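One-letter residues, chain by chain:
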Amino acid sequence: MMEAYYDADANLDILRGKKLGIIGYGNQGRAQALNLRDSGLEVIVGGLRDESASQAEKDGFAVLPVAEAAERADLLALLIPDEVQREVYDRVLSSRLRAGQTLDFAHGYNIHFGLIKPPAGVDVIMVAPRMIGTEVRESFVAGKGSPAFVAAAQDASGHAFETALAFAKGIGATRAGAFKTTFAEETELDLFQEQAVWPMIFRTWITAFEYLVEKGFPPEMVSLEMYGSGEAAEIFREMARVGFFKQARFHSQTSQYGTLSRANALPFAQQIGEFMAQGLRAIRDGSFDREWRGEQAAGYPVFSKLRAAAETHPINRAEEEMRRLMRVQSE
(Lines give C-alpha, C1' and ligand atoms only; values in the text may rest on other atoms or scores of the structure.)
Protein backbone atom coordinates (compact mmCIF):
# COMPACT_ATOMS: atom_id res chain seq x y z
CA MET A 1 0.00 0.00 0.00
CA MET A 2 1.21 3.51 -0.79
CA GLU A 3 1.74 5.88 2.12
CA ALA A 4 -0.76 8.74 1.92
CA TYR A 5 -0.44 12.09 3.68
CA TYR A 6 -3.13 14.70 4.31
CA ASP A 7 -3.39 18.23 5.70
CA ALA A 8 -2.90 17.08 9.29
CA ASP A 9 0.35 15.35 8.30
CA ALA A 10 1.98 18.42 6.75
CA ASN A 11 3.27 21.58 8.45
CA LEU A 12 3.25 24.85 6.50
CA ASP A 13 5.40 26.46 9.19
CA ILE A 14 8.38 24.71 7.59
CA LEU A 15 8.01 27.15 4.68
CA ARG A 16 6.98 30.28 6.54
CA GLY A 17 9.62 32.99 6.50
CA LYS A 18 11.21 31.43 3.42
CA LYS A 19 11.14 32.61 -0.17
CA LEU A 20 9.65 30.13 -2.61
CA GLY A 21 10.96 30.66 -6.14
CA ILE A 22 8.74 29.50 -8.98
CA ILE A 23 10.79 29.14 -12.16
CA GLY A 24 8.38 29.22 -15.07
CA TYR A 25 4.86 30.66 -15.03
CA GLY A 26 3.09 28.30 -17.38
CA ASN A 27 0.29 25.85 -16.70
CA GLN A 28 1.72 24.43 -13.46
CA GLY A 29 3.80 27.45 -12.48
CA ARG A 30 0.87 29.84 -12.35
CA ALA A 31 -1.38 27.44 -10.45
CA GLN A 32 1.24 26.54 -7.86
CA ALA A 33 2.41 30.13 -7.36
CA LEU A 34 -1.15 31.37 -6.76
CA ASN A 35 -2.00 28.49 -4.43
CA LEU A 36 1.18 28.94 -2.39
CA ARG A 37 0.52 32.67 -2.04
CA ASP A 38 -3.08 32.02 -1.02
CA SER A 39 -1.71 29.63 1.60
CA GLY A 40 0.11 32.58 3.18
CA LEU A 41 3.57 31.85 1.82
CA GLU A 42 6.05 34.22 0.18
CA VAL A 43 6.42 33.55 -3.53
CA ILE A 44 8.75 35.04 -6.10
CA VAL A 45 8.68 34.24 -9.82
CA GLY A 46 11.68 33.79 -12.08
CA GLY A 47 11.36 33.76 -15.83
CA LEU A 48 11.89 35.41 -19.17
CA ARG A 49 10.21 38.60 -20.32
CA ASP A 50 7.48 36.86 -22.31
CA GLU A 51 3.71 36.41 -22.31
CA SER A 52 3.82 34.33 -19.14
CA ALA A 53 5.74 37.10 -17.37
CA SER A 54 2.98 39.55 -18.29
CA GLN A 55 0.42 37.15 -16.79
CA ALA A 56 2.48 36.83 -13.60
CA GLU A 57 2.60 40.61 -13.25
CA LYS A 58 -1.17 40.83 -13.80
CA ASP A 59 -1.50 38.29 -10.98
CA GLY A 60 0.52 40.55 -8.71
CA PHE A 61 3.96 38.94 -8.89
CA ALA A 62 7.20 40.73 -9.67
CA VAL A 63 9.04 38.71 -12.30
CA LEU A 64 12.76 38.42 -11.66
CA PRO A 65 15.50 37.10 -13.91
CA VAL A 66 16.00 33.40 -13.19
CA ALA A 67 19.49 34.05 -11.82
CA GLU A 68 18.23 36.60 -9.30
CA ALA A 69 15.33 34.36 -8.26
CA ALA A 70 17.78 31.52 -7.69
CA GLU A 71 19.96 33.66 -5.48
CA ARG A 72 17.06 35.02 -3.43
CA ALA A 73 14.95 31.88 -3.02
CA ASP A 74 15.26 29.28 -0.28
CA LEU A 75 13.26 26.79 -2.34
CA LEU A 76 13.30 26.68 -6.13
CA ALA A 77 10.52 24.90 -8.02
CA LEU A 78 11.56 24.15 -11.60
CA LEU A 79 8.21 24.22 -13.37
CA ILE A 80 9.48 24.42 -16.93
CA PRO A 81 9.66 21.66 -19.60
CA ASP A 82 12.15 18.86 -18.96
CA GLU A 83 14.39 19.73 -21.91
CA VAL A 84 14.44 23.42 -20.95
CA GLN A 85 15.15 22.53 -17.31
CA ARG A 86 18.50 21.02 -18.19
CA GLU A 87 19.63 24.10 -20.12
CA VAL A 88 18.47 26.52 -17.42
CA TYR A 89 20.10 24.40 -14.72
CA ASP A 90 23.44 24.14 -16.54
CA ARG A 91 23.61 27.77 -17.67
CA VAL A 92 22.04 29.59 -14.73
CA LEU A 93 21.31 27.54 -11.63
CA SER A 94 24.23 25.16 -11.15
CA SER A 95 26.68 27.92 -10.26
CA ARG A 96 24.23 29.72 -7.98
CA LEU A 97 22.81 26.97 -5.78
CA ARG A 98 23.99 27.08 -2.20
CA ALA A 99 23.94 24.68 0.71
CA GLY A 100 20.61 24.72 2.54
CA GLN A 101 18.47 25.41 -0.51
CA THR A 102 15.77 23.05 -1.77
CA LEU A 103 15.25 22.14 -5.40
CA ASP A 104 11.72 20.99 -6.26
CA PHE A 105 10.58 19.19 -9.40
CA ALA A 106 7.09 18.39 -10.69
CA HIS A 107 8.43 15.40 -12.66
CA GLY A 108 11.33 13.11 -11.86
CA TYR A 109 12.76 12.79 -15.39
CA ASN A 110 15.96 14.81 -15.16
CA ILE A 111 16.95 13.60 -11.71
CA HIS A 112 16.09 9.97 -12.44
CA PHE A 113 18.14 9.85 -15.65
CA GLY A 114 21.03 11.78 -14.09
CA LEU A 115 20.70 14.74 -16.44
CA ILE A 116 20.62 17.20 -13.54
CA LYS A 117 22.98 16.52 -10.62
CA PRO A 118 22.46 19.00 -7.77
CA PRO A 119 25.30 19.61 -5.29
CA ALA A 120 25.40 17.54 -2.11
CA GLY A 121 24.28 20.33 0.23
CA VAL A 122 20.93 20.87 -1.52
CA ASP A 123 17.69 19.04 -0.75
CA VAL A 124 16.05 17.57 -3.86
CA ILE A 125 12.32 16.94 -3.66
CA MET A 126 9.42 16.25 -5.99
CA VAL A 127 5.81 17.38 -5.70
CA ALA A 128 4.08 16.10 -8.82
CA PRO A 129 0.38 17.01 -9.13
CA ARG A 130 -1.66 14.41 -10.99
CA MET A 131 -3.75 17.11 -12.65
CA ILE A 132 -3.00 19.82 -15.20
CA GLY A 133 -2.34 23.24 -13.73
CA THR A 134 -5.78 24.74 -14.39
CA GLU A 135 -7.39 21.96 -12.36
CA VAL A 136 -4.78 22.33 -9.59
CA ARG A 137 -5.86 25.96 -9.29
CA GLU A 138 -9.60 25.49 -9.73
CA SER A 139 -9.82 22.68 -7.20
CA PHE A 140 -7.83 24.75 -4.69
CA VAL A 141 -10.11 27.76 -5.10
CA ALA A 142 -13.14 25.47 -4.69
CA GLY A 143 -11.78 24.30 -1.34
CA LYS A 144 -10.82 20.90 -2.68
CA GLY A 145 -7.46 19.71 -3.92
CA SER A 146 -5.64 17.68 -6.55
CA PRO A 147 -3.62 14.63 -5.49
CA ALA A 148 0.14 14.58 -5.96
CA PHE A 149 3.09 12.23 -5.79
CA VAL A 150 5.79 13.36 -3.34
CA ALA A 151 9.37 12.19 -2.95
CA ALA A 152 12.79 13.18 -1.69
CA ALA A 153 15.81 12.16 -3.76
CA GLN A 154 18.44 13.97 -1.70
CA ASP A 155 18.09 14.82 1.98
CA ALA A 156 20.93 17.13 2.93
CA SER A 157 18.94 18.88 5.67
CA GLY A 158 17.47 15.77 7.28
CA HIS A 159 13.91 16.96 6.65
CA ALA A 160 13.58 17.08 2.86
CA PHE A 161 10.47 14.92 2.81
CA GLU A 162 8.78 17.14 5.40
CA THR A 163 9.52 20.10 3.12
CA ALA A 164 7.93 18.23 0.22
CA LEU A 165 4.81 17.62 2.31
CA ALA A 166 4.66 21.28 3.30
CA PHE A 167 4.92 22.35 -0.34
CA ALA A 168 2.24 19.82 -1.27
CA LYS A 169 -0.01 21.32 1.40
CA GLY A 170 0.69 24.81 0.10
CA ILE A 171 -0.63 23.91 -3.36
CA GLY A 172 -3.61 22.03 -1.94
CA ALA A 173 -2.46 18.49 -2.69
CA THR A 174 -2.77 17.18 0.86
CA ARG A 175 -6.47 18.03 0.81
CA ALA A 176 -6.91 15.13 -1.63
CA GLY A 177 -3.81 13.10 -0.74
CA ALA A 178 -0.06 13.30 -1.18
CA PHE A 179 1.32 9.86 -2.02
CA LYS A 180 4.88 8.94 -1.15
CA THR A 181 6.91 7.52 -4.02
CA THR A 182 10.36 7.80 -5.60
CA PHE A 183 11.68 9.78 -8.54
CA ALA A 184 12.19 6.48 -10.38
CA GLU A 185 8.64 5.22 -9.84
CA GLU A 186 7.02 8.51 -10.82
CA THR A 187 9.15 8.88 -13.94
CA GLU A 188 8.70 5.32 -15.14
CA LEU A 189 4.96 5.28 -14.50
CA ASP A 190 4.40 8.65 -16.16
CA LEU A 191 6.41 7.68 -19.24
CA PHE A 192 4.72 4.28 -19.41
CA GLN A 193 1.31 5.93 -19.45
CA GLU A 194 2.45 8.22 -22.26
CA GLN A 195 4.25 5.56 -24.31
CA ALA A 196 2.24 2.37 -23.75
CA VAL A 197 -1.31 3.24 -22.68
CA TRP A 198 -2.19 6.44 -24.55
CA PRO A 199 -0.67 5.31 -27.86
CA MET A 200 -3.03 2.33 -27.87
CA ILE A 201 -6.02 4.53 -27.09
CA PHE A 202 -5.04 7.04 -29.79
CA ARG A 203 -4.34 4.37 -32.40
CA THR A 204 -7.58 2.52 -31.62
CA TRP A 205 -9.74 5.63 -31.99
CA ILE A 206 -7.99 6.83 -35.15
CA THR A 207 -8.31 3.37 -36.72
CA ALA A 208 -11.98 3.22 -35.74
CA PHE A 209 -12.60 6.67 -37.24
CA GLU A 210 -10.90 5.78 -40.50
CA TYR A 211 -12.68 2.42 -40.75
CA LEU A 212 -16.16 3.78 -40.03
CA VAL A 213 -15.76 6.69 -42.46
CA GLU A 214 -14.60 4.22 -45.10
CA LYS A 215 -17.77 2.21 -44.44
CA GLY A 216 -19.94 5.23 -45.15
CA PHE A 217 -20.63 6.79 -41.75
CA PRO A 218 -20.56 10.63 -41.72
CA PRO A 219 -17.21 11.79 -40.26
CA GLU A 220 -18.97 14.29 -37.97
CA MET A 221 -21.23 11.57 -36.61
CA VAL A 222 -18.25 9.30 -35.89
CA SER A 223 -16.28 11.98 -34.03
CA LEU A 224 -19.40 12.94 -32.05
CA GLU A 225 -20.05 9.34 -31.04
CA MET A 226 -16.46 8.53 -30.18
CA TYR A 227 -15.58 11.57 -28.03
CA GLY A 228 -17.16 14.81 -29.24
CA SER A 229 -20.30 14.55 -27.13
CA GLY A 230 -18.24 14.36 -23.95
CA GLU A 231 -19.52 10.88 -23.09
CA ALA A 232 -16.02 9.39 -23.20
CA ALA A 233 -14.78 12.09 -20.83
CA GLU A 234 -17.65 11.33 -18.47
CA ILE A 235 -16.75 7.64 -18.53
CA PHE A 236 -13.18 8.44 -17.49
CA ARG A 237 -14.47 10.82 -14.83
CA GLU A 238 -16.73 8.14 -13.39
CA MET A 239 -13.85 5.65 -13.47
CA ALA A 240 -11.95 8.02 -11.19
CA ARG A 241 -15.00 8.63 -8.99
CA VAL A 242 -16.50 5.15 -8.49
CA GLY A 243 -14.13 2.66 -10.15
CA PHE A 244 -12.90 1.31 -13.47
CA PHE A 245 -15.53 -1.43 -13.78
CA LYS A 246 -18.17 0.01 -11.44
CA GLN A 247 -18.78 2.96 -13.75
CA ALA A 248 -20.21 0.46 -16.27
CA ARG A 249 -23.32 0.23 -14.11
CA PHE A 250 -24.34 3.64 -15.42
CA HIS A 251 -24.67 2.10 -18.91
CA SER A 252 -27.24 -0.28 -20.33
CA GLN A 253 -26.81 -4.00 -19.90
CA THR A 254 -26.48 -4.23 -23.68
CA SER A 255 -23.52 -1.85 -23.45
CA GLN A 256 -21.97 -3.71 -20.52
CA TYR A 257 -22.30 -7.12 -22.17
CA GLY A 258 -20.95 -5.91 -25.49
CA THR A 259 -17.91 -4.28 -23.90
CA LEU A 260 -17.01 -7.04 -21.45
CA SER A 261 -17.54 -9.95 -23.83
CA ARG A 262 -15.61 -8.38 -26.71
CA ALA A 263 -12.78 -7.12 -24.50
CA ASN A 264 -12.13 -10.68 -23.39
CA ALA A 265 -12.19 -11.87 -27.00
CA LEU A 266 -9.58 -9.48 -28.42
CA PRO A 267 -7.30 -11.57 -30.63
CA PHE A 268 -4.19 -9.46 -30.00
CA ALA A 269 -4.18 -9.37 -26.18
CA GLN A 270 -0.76 -11.04 -26.06
CA GLN A 271 0.68 -8.47 -28.46
CA ILE A 272 -0.58 -5.70 -26.18
CA GLY A 273 1.41 -7.19 -23.33
CA GLU A 274 4.49 -7.47 -25.52
CA PHE A 275 4.09 -3.85 -26.64
CA MET A 276 3.88 -2.73 -23.02
CA ALA A 277 6.90 -4.79 -22.00
CA GLN A 278 8.91 -3.29 -24.83
CA GLY A 279 7.88 0.20 -23.77
CA LEU A 280 8.84 -0.33 -20.12
CA ARG A 281 12.20 -1.81 -21.12
CA ALA A 282 12.97 1.24 -23.26
CA ILE A 283 12.13 3.52 -20.34
CA ARG A 284 14.13 1.58 -17.77
CA ASP A 285 17.26 0.94 -19.84
CA GLY A 286 17.46 4.60 -20.87
CA SER A 287 17.03 3.99 -24.61
CA PHE A 288 13.95 6.23 -24.79
CA ASP A 289 15.83 9.01 -23.01
CA ARG A 290 18.71 8.70 -25.49
CA GLU A 291 16.25 8.68 -28.39
CA TRP A 292 14.44 11.77 -27.09
CA ARG A 293 17.64 13.71 -26.39
CA GLY A 294 18.90 12.83 -29.87
CA GLU A 295 15.62 14.11 -31.33
CA GLN A 296 16.01 17.38 -29.44
CA ALA A 297 19.62 17.80 -30.54
CA ALA A 298 18.64 17.26 -34.18
CA GLY A 299 15.95 19.95 -34.05
CA TYR A 300 12.91 17.68 -33.63
CA PRO A 301 12.71 16.31 -37.22
CA VAL A 302 10.67 13.19 -36.37
CA PHE A 303 8.49 14.96 -33.81
CA SER A 304 7.72 17.74 -36.30
CA LYS A 305 6.58 15.23 -38.92
CA LEU A 306 4.46 13.30 -36.42
CA ARG A 307 2.77 16.44 -35.15
CA ALA A 308 2.18 17.75 -38.67
CA ALA A 309 0.57 14.44 -39.66
CA ALA A 310 -1.67 14.55 -36.58
CA GLU A 311 -2.74 18.14 -37.23
CA THR A 312 -3.68 17.42 -40.84
CA HIS A 313 -5.57 14.17 -40.22
CA PRO A 314 -9.18 14.21 -41.51
CA ILE A 315 -10.48 13.81 -37.96
CA ASN A 316 -9.61 17.48 -37.36
CA ARG A 317 -11.98 18.66 -40.10
CA ALA A 318 -14.66 16.27 -38.90
CA GLU A 319 -14.58 17.55 -35.34
CA GLU A 320 -14.62 21.19 -36.48
CA GLU A 321 -17.79 20.50 -38.44
CA MET A 322 -19.19 18.50 -35.53
CA ARG A 323 -18.64 21.43 -33.15
CA ARG A 324 -20.24 23.81 -35.67
CA LEU A 325 -23.32 21.64 -35.80
CA MET A 326 -23.47 21.27 -32.01
CA ARG A 327 -24.64 24.84 -31.41
CA VAL A 328 -25.67 24.51 -27.77
CA GLN A 329 -22.33 23.04 -26.64
CA SER A 330 -20.20 25.44 -28.69
CA GLU A 331 -22.03 28.49 -27.40
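Not measured: the values here are computed from a predicted model.

Asks: Explain the overall build of the chain here, please?
Replies: Of the regular secondary structure elements, the chain holds 17 helices and 9 strands. For 331 residues, the compact-globule estimate of 2.2 N^0.38 gives 20 Å, and the chain sits close to it at 22 Å. In terms of principal-axis extent, the alpha carbons of the chain reach across some 65 × 45 × 40 Å. Here the chain holds 331 residues, and 40% of them are scored as buried. Put simply, 66% of the contacts in the chain that link residues at least 6 apart link residues at least 24 apart. Carbon and sulfur atoms provide 55% of the accessible area of the chain, an area that totals close to 18700 Å². Side-chain charges of the chain comprise 36 positive and 45 negative groups, with the mean position of each set lying 1 Å from the other.

Asks: When you look at the environment of R16 in this model, what are you seeing that I'm missing?
Replies: Examined against the element boundaries, R16 turns out to sit in the loop between β1 (4–5) and β2 (19–23). Considering only alpha carbons, one finds R16 and E87, 71 residues apart in sequence, at a separation of 30 Å. Apart from the residues lying within four places of it in its own chain, the contact partners of R16 are S39, G40 and L41. Here D13 takes part through its side chain, which lies 3.0 Å from a polar atom of the side chain of R16.

Asks: Teacher, can you tell me more about the sheet that holds strand β7 (residues 123–129) here?
Replies: Pairing between the strands of a sheet is mediated by backbone hydrogen bonds and can be parallel or antiparallel. Read across the sheet, 9 strands follow the order β1-β9-β8-β7-β6-β5-β2-β3-β4 without closing on themselves; strand pairing throughout is mixed. On the outer flanks of this sheet lie β1 and β4 (63–64), each paired with one strand and no other. Pairing analysis gives 5 bridges linking β2 to strand β3 (residues 42–46), with the strands arranged parallel. The residue of β3 that forms the bridge with I23 is G46.

Asks: Explain the side chain of Q101 here, please?
Replies: Locating Q101 in the fold gives a position in the loop between α4 (82–93) and β6 (102–105). Reaching out from Q101, the side chain makes a polar contact with the backbone oxygen of A70 at a distance of 2.9 Å. A polar contact of 2.8 Å, which involves the side chain of Q101, links it to the backbone oxygen of A73. Excluding anything up to four places from it in sequence, Q101 contacts A70, A73, D74, R96, G121, V122 and D123.

Asks: Looking at this structure, how should I read α4?
Replies: Within α4, burial applies to D82, Q85, R86, V88, Y89, V92 and L93. At its buried positions, α4 is contacted by α3 (66–72), β5 (75–78), β6, α5 (109–112) and α14 (287–297).

Asks: When you look at helix α6 (residues 133–141) in this model, what are you seeing that I'm missing?
Replies: Since the α-helix turns once every 3.6 residues, residues separated by three or four places project in the same direction. For α6, every residue scored as buried is listed here: G133, V136, R137, S139 and F140. Close packing links the buried residues of α6 with α1 (27–38), β7, α7 (160–170) and α8 (173–176). G143 lies just past α6 and shows a positive phi near 85°.

Each value, and the rule that gives it
- Residues numbered from 1 in each chain as written.
- Predicted model: local features only at pLDDT ≥ 70, side-chain atom pairs only at ≥ 80, totals over all residues.
- Heavy atoms only, no water.
- Helix = DSSP H or I, 4+ residues; strand = E, 2+ residues; numbered from the N terminus.
- Rg over C-alpha atoms; globule rule 2.2 N^0.38 Å.
- Buried < 20%, exposed > 50% of the residue type's maximum accessible area, 1.4 Å probe, protein only.
- Contact = heavy atoms within 4.5 Å.
- Areas by Shrake-Rupley, 256 points an atom, 1.4 Å probe, with all protein chains shown as cover.
- Lys, Arg positive; Asp, Glu negative; His and termini not counted.
- Charge placed at Lys NZ, Arg CZ, Asp CG, Glu CD.
- Polar contact = N/O pair within 3.5 Å; in protein donor to acceptor, adjacent residues only side chain to side chain.
- Pairing = 2+ DSSP bridges.

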